[in-house]
Amino acid sequence: MAGQYNNPNAQNIKIRYAVLVFIKGSTAPLVLYVKDPQGFYAEMTALLQSQKSVVVEQETEGPIKKVCFLSSQIAAVAIQEEQYI
C-alpha cells in the first residue's frame with residue numbers, strides 16, 4: 001500500500017480528454033479524441049440546441065480516425081478526463 005505513494009511512474013502520468021457523443025438508439029457512446037475537446041464539446045452542445053439537422057464530420061486522433069453522424073441523432077454529449085502513462 002505504501003508503494004503506491006512512492007511509485008516512480010507517478011510523474012509520468014499524463015491527462016487527456018475525450019468527447020463522448022451519445023447517439024440515439026446506440027448502446028455505447030462515440031469516444032472521440034480531438035485536438036480541442038472544449039471547442040468540440042461547445043460545438044456539439046450548440047447543435048443539440050439547434051432545430052436544424054446537419055451532418056457532423058470530424059477527424060479524430062484516437063482509434064476512430066474519422067466520424068460522421070447527423071446532429072439530430074445526438075442524445076447527449078460529455079467530456080471525459082483520462083489518466084495514462
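The structure under discussion appears in the preceding block.
For clarity, every value in this text was computed on a predicted model and none was experimentally measured. (Residues numbered from 1 in each chain as written. Predicted model: local features only at pLDDT ≥ 70, side-chain atom pairs only at ≥ 80, totals over all residues. Heavy atoms only, no water.)

A. Quick look at the overall build of the protein. Helix and strand counts for the protein come out as one helix and five strands. Tracing the protein from N to C terminus, the helices and strands come up as β-β-α-β-β-β. For the protein, restricting intrachain contacts to residue pairs at least 6 apart in sequence, the fraction spanning at least 24 positions comes to 60%. Per element, the accessible surface of the protein, about 6,000 Å² overall, is 51% carbon and sulfur. (Helix = DSSP H or I, 4+ residues; strand = E, 2+ residues; numbered from the N terminus. Contact = heavy atoms within 4.5 Å. Areas by Shrake-Rupley, 256 points an atom, 1.4 Å probe, with all protein chains shown as cover.)

B. Representation of helix α1 (residues 37-49) in the model. Its 13 residues give α1 an end-to-end C-alpha distance of 19 Å, which sits within 8% of 18 Å, the value for a rise of 1.5 Å per residue. Of all the positions in α1, only Pro37, Phe40, Met44 and Leu47 are classed as buried. All buried residues of α1 project into a common sector of 85° when viewed along the axis, lining one side. Opposite the packed face of α1, turned more than 90 degrees from it, sit the exposed residues Gln38 and Gln49. For α1, the elements touching its buried residues are β1 (14-23), β2 (30-32), β3 (55-59), β4 (66-70) and β5 (74-84). (Expected span 1.5 Å × (residues − 1). Buried < 20%, exposed > 50% of the residue type's maximum accessible area, 1.4 Å probe, protein only. Arc of directions from axis to C-beta.)

C. Representation of the nonpolar core within the structure. Core analysis: the biggest nonpolar cluster contains 12 residues, these being Val19, Val21, Leu32, Val34, Phe40, Met44, Leu47, Val56, Val67, Phe69, Ile74 and Val77. For this core, the secondary-structure elements that each account for two or more residues are β1, α1, β4 and β5. The dominant element in this core, judged by the number of residues it contributes, is α1, at three residues. (Core = buried A, V, L, I, M, F, W, Y, C linked by side-chain atoms within 4.5 Å.)

D. Fine view of the environment of leucine 30. Relative to the helices and strands, leucine 30 resides in strand β2. Under the relative-accessibility criterion, leucine 30 is labelled partly exposed at 22%. For the pair leucine 30 and valine 77, spaced 47 residues apart in the sequence, the C-alpha separation amounts to 9.5 Å. Each residue touching leucine 30, except ones within four places of it in the same chain, is listed here: Val19, Leu20, Val21, Ile23, Ile64, Val67 and Phe69.

E. Local environment of the pattern of salt bridges. On inspection of all chains with the given rule, the structure shows two salt bridges. A salt bridge links arginine 16 to glutamate 82, with the shortest nitrogen-to-oxygen separation between them at 3.0 Å. In this pair, arginine 16 is assigned in strand β1 and glutamate 82 in strand β5, connecting sequence segments 66 residues apart. For arginine 16, a relative accessible area of 37% gives the class partly exposed. The buried category is assigned to glutamate 82, whose relative accessible area is 15%. For lysine 66, the salt bridge goes to glutamate 57, with nearest N and O atoms at 3.3 Å. Classification of glutamate 57 as exposed rests on a relative accessible area of 51%. (Salt bridge = Lys/Arg side-chain N within 4 Å of Asp/Glu carboxyl O.)

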